[in-house]
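# Structural description and commentary
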Amino acid sequence: MSRRIKVLSTELANQIAAGEVVERPSSIVKELFENALDAGATEIILELEHGGKEKILIRDNGSGIEKDDLPLTLMPHATSKIYSLAELEAINSMGFRGEALASIGSIAKVKITSKTAQDEHAWCVDNQLDNELIPASHPIGTTIEVAEVFYNTPARRKFLKAERTEYVHIDELLKKFMLCHFNVALTVWHNGKEVKSYPMADTPQKQQQRIADICGDEFIDNALLIQAEAMDFQLYGWVAKPQFSKSRADLQYFYVNGRIIKDKLIAHAIKQAYKDVLHHQRYPAFILFFNIDPHAVDVNVHPTKHEVRFRESRLVHDFLFAKIHHALADTKPQLPELSETENDVDSLTFSIADKPSASPNQNWRDKTQYADHLRSNHRNNMALYEQLINQKEEIQSFENTNDIEALHKIELQTPQDKWQDATQLAMPLVIDEVLEATVDQNVTMTEITPKATPVKEAKKYPLGFALAQVHGIFILSQTEDGLIIVDMHAAHERVLYEKVKALWARHESVSQVLLLPLTFEISPVLLDVLDAHEELLNKLGFEYSALGEKTLVIRAIPVYLKNNHIESLVMEIANSLKVSGKAKPMDDYIHAILATISCHKAVRAHDQITIEEMNQLLRDMEHTARADQCNHGRPTWVKMTVNDLDKLFMRGK
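Here is a short report on the structure shown in this document.

Reading guide: rules and limits
Residues numbered from 1 in each chain as written. Predicted model: local features only at pLDDT ≥ 70, side-chain atom pairs only at ≥ 80, totals over all residues. Heavy atoms only, no water. Buried < 20%, exposed > 50% of the residue type's maximum accessible area, 1.4 Å probe, protein only. Helix = DSSP H or I, 4+ residues; strand = E, 2+ residues; numbered from the N terminus. Arc of directions from axis to C-beta. Polar contact = N/O pair within 3.5 Å; in protein donor to acceptor, adjacent residues only side chain to side chain. Pairing = 2+ DSSP bridges. Core = buried A, V, L, I, M, F, W, Y, C linked by side-chain atoms within 4.5 Å. Patch = residues over 30% accessible without salt bridge, like charges linked within 9 Å, V, L, I, M, F, W, Y side chains within 5 Å. Areas by Shrake-Rupley, 256 points an atom, 1.4 Å probe, with all protein chains shown as cover. Salt bridge = Lys/Arg side-chain N within 4 Å of Asp/Glu carboxyl O. Lys, Arg positive; Asp, Glu negative; His and termini not counted. Charge placed at Lys NZ, Arg CZ, Asp CG, Glu CD. Axes fitted to C-alpha atoms, helices over the stretch in contact; angles between N-to-C directions. Parallel < 35°, antiparallel > 145°, perpendicular 65-115°, else oblique. Left-handed = near helix turned anticlockwise from the far one by under 90°. Contact = heavy atoms within 4.5 Å. Nonpolar A, V, L, I, M, F, W, Y, C, P; charged D, E, K, R; others polar. Expected span 1.5 Å × (residues − 1).

This part is about helix α9 (residues 264-273). Taken together, the buried positions of α9 are occupied by Ile266, Ala269, Ile270, Gln272 and Ala273. Down the axis, α9 shows its buried residues gathered within 160° of arc, on one side only. Exposed residues pointing more than 90 degrees away from the buried face of α9 are listed as Lys264 and Lys271. The opening residue of α9, the one whose side-chain oxygen lies 2.9 Å from the backbone nitrogen of Leu265, is Asp263.

See the structure below:
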């Protein structure tokens, strides 16, 4: 015989509801804290015993609860937050369901004491005394005491964790509240001892101090401020630079109208904004506040109010992505607003063998002749730099360049007169001193460097001027206040990636037809992949066709590519498309391929480059968005100040 349908008792219904609302002691603290905030409290005291398992007491200085309303607080679906459907559709309060206290009262012992400004004295209700009103002594505000959590449901109580674990969950919850509500002071007691104190943060300095106390000074040092408005959206807060990424997503705080939430849409927008600058398996850090018209967001979609639903989800996603992406684009060495100068070459393609350069390879008869040559060049450099600085011309970065030849300009301009000015402008600024060394005709430019001392104009260049190439991998540069070490491949890769993205955005990725088509063997599987993505690769500038079942013929390549390494590049693109499948959006494919192209085109480890090319790379980095990281999220440069060096060698001690 089947079981008959019955209406559940109030007690059982409340315990079922408690299963949704009360997961652990921190869930109770959340509900009580939100009630205190809704009451307008500016001072809150929280007392805990045994991680909140034995006692949770929260006292506030809010508006209080009127005498006749006190017995209703422990009844289900009783609330002062909303009275109508219209108010439900535009919720401005933290709580609104009217279930929290009733659910908590069904699994714990609850006592509420409160006083309003109009009452002569406070009143108290206790769910162990049939909610009878009892006179009490209490200042204006409310105190709620919850004791013996899950005392009447032993099966659930035994699932609670150790005291320390439960306290850590409460502590993390309080951090989320205190990062948003700077106008509230909080004191936390645990087992009779004061363990936390957050004074009211009513000035920007105090707010910054609170953030530093919770998130650490390193977050403050790496935080980028965001303040943006558009339509009915407002976003402000801080996002950390990519180099401050975390191994876990434990420093991510996002608030919608003052409510801490976790939402897949928001998470995706932020992830996309960090896509080109964050190393894989790392997580960004941020504290962001998003304000939106309450009518445009539904917070009544989850029992614990952790999730929301936006009416215009695509607009919200695009707004968040655009603003965060724009903020991260400024992660580059900052040039002063005035006196910005840049050398004449707005591209960086290393083709050392194809261009003339003044180097020791020119069979100087002796070191004196070479020294005189360097002195002459450096005097000319000073004159050119002074002329540029005095003119204070507005320099436009490569992103605004309209020249499709920008990415291979150096390779196309081989005559000596095309290189003279660029070579001089790229040389480091020096005082009239030259390295007194024996010059061997086989020594490269990177092995002989003048003893360069940057003049006062060097402060206009955050990355300074190159001194040498170290182990064929790093560039050593001297700045006004220290040293810069640059990973030349990572830096060059980022510069090229931003350039090809800019060209792609302007639909200028034209092809150059190969004089002799390139033919090579490829597996039938990869050939099918390239055939399926032919339209995509045609847009990028590739033209190819199959010749039989295992042969591919490349007839044209993007104009910004060199002729070498084409086979390995095409194979890598094909393998990447094979692994990723067809689930990604088109832009993801495009950017992945552009990143691969940039990686192949960039200067490689142990490639020998000249001082002028090193300086050219430094100047390009100063004008490149997101230049602090390569396409894979690795840092491109680090700095050591003179003070850092003094500490390293214990100078002055």
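Positive phi values are uncommon outside glycine, yet Phe150 reaches one of about 60°. Here Phe150 lies in the loop between β6 (141-147) and α5 (154-157). At Met231, a position not held by glycine, the phi torsion is positive, near 55°. Topologically, Met231 is positioned in the loop between β9 (223-230) and β10 (233-240).

Turning our eyes to something else, we now look at the sheet that holds β9. Across the sheet, which stays open at both edges, the five strands sit in the order β9-β10-β13-β11-β12 with mixed pairing between neighbours. The open sheet has two edge strands with one neighbour each: β9 and β12 (259-260). The sheet contact formed by strand β11 (residues 252-256) and β12 spans two bridges and is antiparallel. From the neighbouring strand, Tyr255 faces β12, where its bridge partner is Ile260.

Moving on to the nonpolar core. In this structure, Leu46 and Val146 are the most contacted members of the largest nonpolar core, which totals 57 residues. Counting residues in hydrophobic clusters, the runner-up holds 31 residues, among them Phe286, Leu288, Val308 and Ala327.

Among the surface-exposed residues, Asp213, Asp217, Glu218 and Asp221 lie close enough to one another that they form a single negatively charged patch. By residue number, the principal contributor to the negative patch is helix α8 (residues 217-221), which donates three residues. In this fold, Glu218 is placed in helix α8.

A separate point is the packing of helix α14 (residues 488-505) against helix α19 (residues 611-622). Remark: α14 packs on α19, axes separated minimally by 10 Å, with the N-to-C direction vectors making an angle of 50°. Here α14 is positioned oblique relative to α19, judged by the angle of their axes. Along this stretch, α14 crosses α19, giving a crossing that reads as left-handed. Residues Met488, Ala491, His492, Val495 and Lys499 of α14 form the contact with α19, whose own contacting residues are Leu617, Asp620 and Met621. Counted by class, the contact of α14 with α19 contains five nonpolar, one polar and two charged residues.

So, on to the packing of helix α2 (residues 25-38) against helix α4 (residues 100-107). Between α2 and α4, the shortest axis-to-axis distance is 10 Å and the interhelical angle comes to 145°. In terms of crossing hand, the pair formed by α2 and α4 is left-handed. Mapping the contact onto sequence places Ile28, Glu31, Leu32 and Asn35 in α2 and Ala100, Leu101 and Ile104 in α4. Its residues assigned to classes, the contact of α2 with α4 comprises five nonpolar, one polar and one charged.

End to end, α14 covers 26 Å across 18 residues, agreeing with the expected 26 Å (1.5 Å per residue, within 8%). Across the 18 residues of α14, 17 count as buried, placing the element largely inside the fold. Here α14 starts with a cap whose side-chain oxygen sits 3.3 Å from the backbone nitrogen of His489, and that cap is Asp487.

If you walk through the whole model with that rule in mind, you get 20 salt bridges. Of the charged contacts in the structure, one is a salt bridge between Arg24 and Glu166, with a shortest N-O distance of 3.0 Å. Of the two residues, Arg24 sits in the loop between α1 (10-21) and α2 while Glu166 sits in helix α6 (residues 163-178), which places them 142 residues apart along the sequence. Judged on exposure class, the residue Arg24 and its partner Glu166 are both buried. The partner of Lys55 in a salt bridge is Glu47, with the nearest N and O atoms 3.7 Å apart. Salt bridges linked by common partners bring Asp171, Glu172, Lys175 and Lys196 together as one network.

So, on to the pairing of strand β8 (residues 193-198). The pairing of strand β7 (residues 185-190) with β8 spans five bridges and is antiparallel. Of the residues in β8, the one forming a bridge with His190 is Lys193. In textbook terms, the turn of a hairpin is the stretch between consecutive antiparallel strands, and for β7 and β8 this stretch comprises two residues, one of which, Asn191, has a positive phi near 55°.

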